[in-house]
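# Chain and residue survey
Single-letter residue listing:
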Amino acid sequence: MKTKWQIFLSQEIAIEYKAATYCFLLYFFLACYQLFKGYSTVAIASLVEMVVVAYFISQIQVWLFDNFDEADQLRGRKLLGIVFCPILYGSFAYLFDWFDRHWLTLLCFVLFLLLEYLTIFYFNRLKRRIDSKHLNQLLKDYKERRD
């Protein structure tokens, strides 16, 4: 049985993993935006803001929206989370002026993150199915060896 500390630590590791993944996506979009504008530099302050925002939204994703990107189905609060979190990222992008407050760029950013959330949801679900098949095969092999 897991202790409260183990449960908390497990959740925190999951949050750190998500924050790193989504932070990379933020960096990627910002780099593409800067290159599109003809710049090859990014403000360090923007990078730090993105790390903090990614961590904050990852906390919201896990605690308020039941870790929706690792769900089996998108219903209710999980579906709301997969729409709300990209909009929240867009709000922070506007607030911190990551993309010069261009509405079209912000819309593309939100849609990019929505697509990424859906992609990550799909691949997490696919991985669980593959793992389940593998574990079932291992169990079947084990039972056959015991007999």
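Residues numbered from 1 in each chain as written. Predicted model: local features only at pLDDT ≥ 70, side-chain atom pairs only at ≥ 80, totals over all residues. Heavy atoms only, no water.

## Comments concerning the pattern of salt bridges
The final tally for this structure, using the stated rule, is six salt bridges. Residue Asp-66 is joined to Arg-77 by a salt bridge in which the shortest nitrogen-to-oxygen separation is 2.8 Å. Residue Asp-66 is found in the loop between helix H2 (44–63) and helix H3 (77–95), and its partner Arg-77 is found in helix H3; the two are separated by eleven residues along the sequence. Residue classification places Asp-66 among the partly exposed positions, given a relative accessible area of 32%. Taking the shortest distance from any N to any O, the salt bridge between Asp-72 and Arg-128 comes out at 3.0 Å. Of the two residues, Asp-72 sits in the loop between H2 and H3 while Arg-128 sits in helix H4 (residues 103–146), which places them 56 residues apart along the sequence. Its relative accessible area of 54% is what places Asp-72 among the exposed residues. A residue is classified by how much of its surface remains accessible, and Arg-128, at 28% relative accessible area, is partly exposed. In this structure, a network of salt bridges that share partners links the residues Lys-18, Asp-69 and Glu-70. (Salt bridge = Lys/Arg side-chain N within 4 Å of Asp/Glu carboxyl O. Helix = DSSP H or I, 4+ residues; strand = E, 2+ residues; numbered from the N terminus. Buried < 20%, exposed > 50% of the residue type's maximum accessible area, 1.4 Å probe, protein only.)

## Describing the packing of aromatic side chains
Applying the stated rule across the entire model yields 15 aromatic pairs. Relative to Phe-99, the ring of Phe-29 has its centre 5.2 Å away and its plane inclined at 85°; by these criteria the two rings are edge-to-face. Linking Phe-29 in helix H1 (residues 4–37) with Phe-99 in the loop between H3 and H4, this pair joins segments that are 70 residues apart in sequence. Arranged with centres 5.4 Å apart and planes meeting at 85°, the rings of Tyr-33 and Phe-99 form a pair that is edge-to-face. On the criterion of sequence distance, the pair formed by Tyr-33 in helix H1 and Phe-99 in the loop between H3 and H4 is long-range, its members being 66 residues apart. Among the residues examined, Tyr-33 registers a relative accessible area of 8% and is labelled buried. On the accessibility criterion, Phe-99 (0% relative accessible area) is buried. Clustering of aromatic rings is evident, with ring pairs tying together Phe-28, Phe-29, Tyr-33, Phe-99, Phe-109 and Phe-112. Arg-101 extends its terminal NZ or CZ atom over the ring of Tyr-94, reaching a point 4.9 Å from the ring centre. (Phe/Tyr/Trp six-rings, centres within 6.5 Å; stacked < 30°, edge-to-face > 60°. Lys NZ or Arg CZ within 6 Å of the ring centre and 35° of its normal.)

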